[in-house]
Amino acid sequence: MSQDAEETRAGRRPERAHTRIAIIGSGFAGLGAAIRLRQRGEEDFIIFERAAEVGGTWRDNSYPGCACDVQSHLYSFSFAPNPDWTRSYSPQPEIWEYLRRCARDFGVLPHVRFRHEVREATWDESARLWRIRTSVGDYTAGALVLASGALSEPRMPELPGLENFKGRAFHSARWDHSYELKGRRVAVIGTGASAVQFVPEIQPVVSRLHLFQRTPAWVMPRNERRFAAAERRMFRRFPALQRAARAGIYLFRELFFLGFRHLPLSRLIRRVALRHLRRAVPDPQLRARLTPDYAIGCKRILVSNDYLPALTRPNVELVTAGVAEVREHSVVDREGVERPVDAIIFGTGFRVTDQPMAKHVRGRGGLTLEEAWGGSPRAHLGTTVNGFPNLFILMGPNTGLGHTSVVYMIEAQIEHLLGALDYMKRRGLAALEPRPEAQAAYVAEVDRRMAGTVWTAGGCASWYLDRTGRNSTLWPDFTWRFRRRVARLDPAEYVASGPLRGGG
Ligand code: NAP
């Protein structure tokens, strides 16, 4: 690679370029799209990555104990099985390494523009292309793939006085590894999927841990094990064996969906979680405060064997009174109790339904995605949006899951993207967008399937729900139904426009 090209890739030098496909983000979605494009012989694409490394959420979340709670044989690309997973549920470093290896081995890295933060993407109707402004330079692209992820923007609560705090404060997705937690007094805010992983890791190290819980979570046992070297060798020698293991995990996890759909079945899962809690927490008072009052599954079910036991340790205090105020060296709860702390760690999650990126993507007529959505993200097949030609959102509205691997959903969406690009190429089309009535019918279908599920009728407030109260986050059915519906493009659901006169 020439020095200029190297400089550009590293984000030190602007480039003015046109590309057929621009991808924003290099996590599972962006890399998956890039790999599948290359496998189809497409080389005319660029991935914009604001960081200096690929990996998305698995790069950013490096907090102690970070791991996936979907088994790795399923939580990986179907086209890139990894026989070397060391555990059934892989820790973050292994998943991140897997993604970096995929990027390298599938020849994606030369397409990545690192340290290129996309500031704005605007559809130019007269030129029928996307104009993309990045922190480094301007680009144009025929199609835009938003692969910036649902879990990329940390959500920080607005706590009165936080700006005056003199200790160290950070979010779990921006873990401050330079800060020595040993012997410190620490407040942890939030008890979601991230906190249950890092709390048991830091509990033995810190001198005092005040855990601020707003809503207790349902916690299920984690059936984890190491893969023996012989097992890994078998997976390597007989890839069919690994495919079979993957299929088995897939089928088992799909069964969970039945529990979410049918409340009586969810009672069975609830019984397992209650027993798990009883065994871990002998103190009935503490147990009562840790017992959720909503249907299991309404919020994401957490999976841990060491979170609940950690809460019984003498240096841990569970605080349920809520944070009233932060002072220079303390946190004050709503009952007026002041707790001196050296650090505050926020396990408060991500901006999922109000993603900042939606403000910066402008479709026809200058309307932003945020304006088009009015607080409730909607997309045809969770992927394309009327008024936003040639835009493909991976992990778009209603493609999240509460029970199994989102990589499966991402792959289905990528096939849709490839189908659309092929269709446009074959027909010589410049632009494609879903018909408004097709999109409306799809969204209505999703809402119909959602009605009565534990996510809407489970009696909890979760981040699955947007500010209008609609669940615009989850796919409310078996995942194979999503794949069957989405992986193939139905041209009848789309409006196409031809090339500009005289080329284009
Ligand atoms: P989360 O599940 O959204 O949990 C955020 C926690 O912070 C909740 O307990 C929430 O309480 C609390 N909270 C938020 N704002 C608050 C406030 N102002 N005051 C007090 N408490 C507040 O976030 P997360 O744990 O980072 O996980 C996000 C998602 O990432 C997960 O659902 C999952 O999809 C993914 N994830 C997966 C894994 C895995 O695979 N193992 C690990 C980590 C994360 P309420 O419940 O009352 O809102």
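Because the structure is a prediction, the values reported are computed rather than measured.

Draft legend 1. Representation of the overall build of the protein chain in the model. The helix and strand inventory of the protein chain stands at 15 helices and 20 strands. What you see for the protein chain is a C-alpha radius of gyration of 23 Å, in line with the 23 Å of a compact globule of 504 residues. For the C-alpha atoms alone, the extent of the protein chain along its principal axes is close to 75 × 50 × 50 Å. Looking at the protein chain as a whole, 55% of its 504 residues qualify as buried. The long-range share in the protein chain, meaning contacts at least 24 apart out of those at least 6 apart in sequence, stands at 73%. Accessible surface computed for the protein chain: about 21700 Å², of which carbon and sulfur atoms make up 51%. One finds the centroid of the 73 positive side-chain charges in the protein chain at a distance of 5 Å from the centroid of its 53 negative side-chain charges.

Draft legend 2. Looking closely at helix H12 (residues 406-427). The end-to-end C-alpha distance of H12, which contains 22 residues, comes to 32 Å, matching closely the 32 Å that a straight helix rising 1.5 Å per residue would cover. Judged by how many residues are buried, H12 sits mostly within the fold: 17 of 22 residues are covered. Capping of H12 at its N-terminal end is provided by Ser405; its side-chain oxygen lies 3.1 Å from the backbone amide nitrogen of Val407. Phi turns positive one or two residues past the end of H12, at Gly428, with a value near 65°.

Draft legend 3. Broad picture of the state of the cysteines. In total, this model carries 1 disulfide according to the counting rule given. Here Cys298 is linked by a disulfide to Cys460, with a sulfur-sulfur distance of 2.0 Å. As the torsion about the S-S bond is roughly -90°, the Cys298-Cys460 disulfide counts as left-handed. One end of the pair, Cys298, is in the loop between helix H9 (284-289) and strand S11 (302-303); the other, Cys460, is in the loop between helix H14 (454-457) and helix H15 (479-486), with 162 residues separating them in the sequence. The pair formed by Cys298 and Cys460 is uniform in burial state, with each residue classed as buried. Free of any disulfide, Cys68 has its nearest cysteine sulfur in Cys66, 8.7 Å distant.

Draft legend 4. Highlighting the site of the ligand. What surrounds the ligand is a group of 23 residues, the closest being Ala67, Ala193, Ser194, Thr215 and Lys299. Measuring from a nitrogen atom of the ligand, one finds a backbone N or O atom of Ala67 at 2.8 Å. Within the side chain of Lys299, an N or O atom sits 2.8 Å from an oxygen atom of the ligand. If the ligand stood free it would expose 910 Å²; the protein chains cover 86% of that surface. Each residue belonging to the shell around the ligand can be placed in one class, and the counts come to 9 nonpolar, 9 polar and 5 charged.

Draft legend 5. Structural detail: the pattern of salt bridges. Counting across every chain of the model gives 34 salt bridges. Across the pair Glu231 and Arg225 runs a salt bridge whose closest N-O atoms are separated by 2.5 Å. Using a relative accessible area of 23% as the deciding quantity, one classes Glu231 as partly exposed. Through salt bridges that share partners, Glu445, Arg449, Asp477, Arg481, Arg485 and Glu493 make up one connected network.

Draft legend 6. Just the domain arrangement of the protein chain, in detail. Each assigned domain of the protein chain is listed here: domain 1 (3-153 + 351-497) and domain 2 (162-226 + 260-346). Computed from C-alpha coordinates alone, the two centres of domain 1 and domain 2 are separated by 31 Å. Summing both partners gives a buried area of about 2600 Å² for domain 1 against domain 2, and 48% of it is carried by carbon and sulfur. Interface area lost by domain 1 to domain 2 is led by Tyr63, Asp69 and Val454, which between them contribute 24%.

Draft legend 7. The arrangement of H15 in detail. If you check which residues of H15 are buried, you get Thr479, Phe482 and Val486. Seen along its axis, H15 keeps its buried residues to an arc of 55°; they face one direction. Considering only its buried residues, H15 is in contact with helix H7 (239-261), H12 and helix H13 (436-450).

Draft legend 8. Layout of a nonpolar patch on the surface. A cluster of nonpolar side chains, contributed by Met234, Phe238 and Leu241, occupies part of the molecular surface with about 260 Å² of accessible area. Relative to the helices and strands, Met234 resides in helix H6 (residues 229-237). Residue Met234 is classed as partly exposed on the basis of its relative accessible area of 41%.

Draft legend 9. Highlighting the sheet that holds strand S15 (residues 338-340). Pairing in this open sheet of 3 strands is antiparallel, and the strands run S13-S14-S15 from one edge to the other. The outermost strands of the open sheet, each flanked by one partner alone, are strand S13 (323-327) and S15. Within the sheet, the average angular offset between the axes of one strand and its neighbour, ignoring direction, is 20°. By the bridge criterion, 4 bridges tie S13 to strand S14 (residues 330-333) in an arrangement that is antiparallel.

Draft legend 10. Region of interest: the side chain of Arg253. Summarising the element assignment, Arg253 is placed in helix H7. For the buried Arg253, which has no salt bridge, the nearest side chain bearing the opposite charge is Asp69, at an N-O separation of 5.4 Å. Here the side chain of Arg253 touches His403 through a polar contact of 2.8 Å, landing on its backbone oxygen.

Draft legend 11. A look at the sheet that holds strand S7 (residues 168-171). What the 5 strands build is an open sheet, ordered S7-S16-S8-S9-S12; its pairing is parallel. Pairing within the sheet leaves two strands with one partner each, and these edge strands are S7 and strand S12 (316-319). Ignoring strand direction, the axes of neighbouring strands in this sheet form an average angle of 15°. Two elements, strand S9 (residues 208-212) and S12, share 4 bridges in a ladder whose sense is parallel. Bridge pairing in S12 places His210 opposite Glu317.

Thresholds, definitions, all that
Residues numbered from 1 in each chain as written. Predicted model: local features only at pLDDT ≥ 70, side-chain atom pairs only at ≥ 80, totals over all residues. Heavy atoms only, no water. Helix = DSSP H or I, 4+ residues; strand = E, 2+ residues; numbered from the N terminus. Rg over C-alpha atoms; globule rule 2.2 N^0.38 Å. Buried < 20%, exposed > 50% of the residue type's maximum accessible area, 1.4 Å probe, protein only. Contact = heavy atoms within 4.5 Å. Areas by Shrake-Rupley, 256 points an atom, 1.4 Å probe, with all protein chains shown as cover. Lys, Arg positive; Asp, Glu negative; His and termini not counted. Charge placed at Lys NZ, Arg CZ, Asp CG, Glu CD. Expected span 1.5 Å × (residues − 1). Polar contact = N/O pair within 3.5 Å; in protein donor to acceptor, adjacent residues only side chain to side chain. Disulfide = S-S within 2.5 Å. Near = heavy atom within 4 Å. Nonpolar A, V, L, I, M, F, W, Y, C, P; charged D, E, K, R; others polar. Salt bridge = Lys/Arg side-chain N within 4 Å of Asp/Glu carboxyl O. Domains from an automatic or database assignment. Buried area = accessible area lost by both parts, 1.4 Å probe. Arc of directions from axis to C-beta. Patch = residues over 30% accessible without salt bridge, like charges linked within 9 Å, V, L, I, M, F, W, Y side chains within 5 Å. Pairing = 2+ DSSP bridges. Axes fitted to C-alpha atoms, helices over the stretch in contact; angles between N-to-C directions.

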